[in-house]
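Listed below, chain by chain, are the residues.
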Amino acid sequence: MTRNDSEPMRRSIEVEYWVIDDEGRLTEPDGLVNAAPGVEREFVEPLLEVKTTPCATTSELRTELFERIGAVLRRADELGLGLVPLGTPLTKKTIDQLPSERTDIQERTVGDPFDSVRRCAGTHIHIEQLPGREIDQLNLLTALDPALALVNSSPYDEHAPMVPGARSKLYRRVAYDRFDHQGELRPYFDDLDDWERRLKAGYESFAEAAERAGVDRASFESVFDPESAVWIPVKLRETFSTVEWRSPDTALPSQVVELADDVAGLVEQLADSEIRIDGEIGVRTDETIVLPSFETVRSHVDAAIHEGIKSDAVRAYLDRMGFDVPAYEPITHEFDTDRELTAAEARRIRLRYARRLESEVHRAEAVDPKFPTSNNR
């Protein structure tokens, strides 16, 4: 993305969905990848990713995402397959990964906890970089990380109840728990040099861990660079000239677009607003965005993962930062988590949410094939 100051700030979405057969069993997405542009295999067998191009407005983004998912669903219907918008797959079975030297090195380096990464399906939101304000964008998205609670979509790890943000806990605090520069949200950055310094430190730390796991440096460097070897919730992406927020779970398409719209609107405000870090409250006005201390943000992130939007502190914070919290209905809070699921129950749940995703897309097509939004932001 290359931005002209007279143009709206463009945004794009990458969203991952589990693929199931007509009995709710996880399966490979054979035949779905060529259903539409931007549809790709993910690194594990039963996961499919749908990407949009950079879009200037939420209306364009919604149209493109729904059109691409709709095309996949039409092909899936022919093949007896479905797409499941849940952050974890609800299975005790091993999730196999596709052959890849990069993934093999990652697995050798992380060890057994890497299995947790294979049980995660998420959403990535990209916002076009604002020249000269990249660090402000990075720090703003860091402060907005508790908004992951708005689309938490699974409270389960395998069949067992975990927390409302199970995927976030698995990715951040199980898979990468022993890696200082990986998984968790990073403190605010001072400037671009600080970002580059910490990025390179994360790269070197992971490269050294790979060497200790028996991976030679040349092999590591052939598939990783600093940008691609650090897995954290908020990143500057030089490759795309974007700021990337990687925290949200996968969710229904409407939920993903709504979240991207809210986040893009907040980031766009930086073009005409002052931003500063001050105190423990955090608030947004028309002229100023005040970010709370990083310790406060981290506390809200913990609550977003362990309580979701049932946390009064999270709801109040997100409201002050400009989110319409009551407009969100996270899937995770629809589950009764008083006991473990059986395999049959897990299959029925996957089928139910696949049908729900399909119904949402079909309703949008029936109302208006161009999926307009009211604010056209």
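Residues numbered from 1 in each chain as written. Predicted model: local features only at pLDDT ≥ 70, side-chain atom pairs only at ≥ 80, totals over all residues. Heavy atoms only, no water.

J.: Before we go on, may I ask you to explain the overall build of the protein chain in this structure?
T.: Across its full length, the protein chain holds 11 helices and 12 strands. Taken over the C-alpha trace, the protein chain has a radius of gyration of 20 Å; the compact-globule value for 377 residues is 21 Å, and the two agree within 12%. Seen along its three principal axes, the alpha-carbon backbone of the protein chain occupies a region of about 55 × 55 × 40 Å. Here the protein chain, with 377 residues, has 57% of them falling under the buried criterion. (Helix = DSSP H or I, 4+ residues; strand = E, 2+ residues; numbered from the N terminus. Rg over C-alpha atoms; globule rule 2.2 N^0.38 Å. Buried < 20%, exposed > 50% of the residue type's maximum accessible area, 1.4 Å probe, protein only.)

J.: What's the story with the layout of surface pockets in this structure? I'm lost.
T.: Rolling a probe over the atoms, with the probe sized like a water molecule, indicates the empty space that remains. By volume, the largest pocket is sized at about 1,000 Å³. For the largest pocket, the lining is made up of 43 residues, of which Glu16, Glu42, Glu49, His124 and Arg246 are closest to its centre. Residue classes in the lining of the largest pocket are distributed as 14 nonpolar, 14 polar and 15 charged. (1 Å grid on protein atoms, 1.4 Å probe; cavity = no way out; pocket = protein on both sides within 12 Å on 5 of 7 lines; lining within 4 Å. Points joined across faces, edges and corners; volume = space filled by probe spheres on them. Nonpolar A, V, L, I, M, F, W, Y, C, P; charged D, E, K, R; others polar.)

J.: What is the right way to read unusual backbone geometry from this model?
T.: The phi angle of most residues is negative, glycine excepted, and most peptide bonds adopt the trans form. In this structure, glutamate 158 is a non-glycine residue whose phi angle is positive, near 55°. Along the chain, the position of glutamate 158 falls in the loop between β6 (156-157) and β7 (160-161). You can call glutamate 158 partly exposed: its relative accessible area is 27%.

J.: When you look at the side chain of threonine 242 in this model, what are you seeing that I'm missing?
T.: As for its placement among the helices and strands, threonine 242 is situated in strand β9 (residues 242-245). On the basis of relative accessible area, threonine 242 is assigned to the buried category, the value being 1%. Separated by 2.8 Å, the side chains of threonine 242 and histidine 126 make a polar contact. (Polar contact = N/O pair within 3.5 Å; in protein donor to acceptor, adjacent residues only side chain to side chain.)

J.: It is not clear to me how the pattern of salt bridges should be interpreted in this structure. Could you clarify?
T.: Tallying each qualifying case throughout the model produces 32 salt bridges. Between arginine 339 and glutamate 345 there is a salt bridge, with its nearest N and O atoms 2.5 Å apart. Judged by relative accessible area, which is 17%, glutamate 345 ranks as buried. A network of salt bridges, in which partner residues are shared, links Glu107, Asp115, Arg118, Arg119 and Asp157. (Salt bridge = Lys/Arg side-chain N within 4 Å of Asp/Glu carboxyl O.)

J.: What should I look at first to understand the environment of glycine 322 in this one?
T.: Positionally, glycine 322 belongs in the loop between α10 (312-320) and α11 (343-367). The class for glycine 322 is partly exposed, based on a relative accessible area of 35%. For the pair formed by glycine 322 and valine 263, sequence separation is 59 residues and the distance between their alpha carbons is 9.2 Å.

J.: Even after reading the chapter, I still don't get the pairing of strand β5 (residues 123-128), so can you show me in this structure?
T.: In terms of burial, β5 is largely enclosed, as six of its six residues are buried. Because side chains alternate across β5, one face comprises the buried residues Thr123, Ile125 and Ile127, and the other comprises His124, His126 and Glu128, equally buried. Here strand β1 (residues 11-21) runs beside β5; their pairing, made up of five bridges, is antiparallel. For isoleucine 13, the partnering residue across the bridge sits in β5 and is isoleucine 125. Relative to β9, β5 runs antiparallel, the two sharing four bridges. What sits directly across from glutamate 128, in β9, is threonine 242. (Pairing = 2+ DSSP bridges.)

J.: In this structure, what is going on with the side chain of glutamate 134? I would like to understand it.
T.: By the secondary structure assignment, glutamate 134 is in helix α4 (residues 134-143). For the buried glutamate 134, no salt bridge is present, and the opposite-charge side chain at shortest range is arginine 133, 7.9 Å distant. Of note is the side chain of glutamate 134, whose polar atom sits 3.1 Å from the backbone nitrogen of glycine 132. Setting aside residues up to four positions removed in sequence, glutamate 134 forms contacts with Gln129, Leu192 and Leu236. (Lys, Arg positive; Asp, Glu negative; His and termini not counted. Contact = heavy atoms within 4.5 Å.)

J.: How should I be thinking about the environment of arginine 118 in this particular structure?
T.: Of note, arginine 118 is situated in the loop between α3 (114-117) and β5. Arginine 118 sits in the buried class, given a relative accessible area of 9%. When the C-alpha atoms of arginine 118 and aspartate 96 are compared, they prove to be 7.7 Å apart, with 22 residues separating the residues in sequence. With near-sequence residues (within four places) excluded, arginine 118 lies in contact with Trp18, Phe43, Val44, Ile95, Gln97 and Glu107.

So yeah, pure geometry; function would need other evidence.
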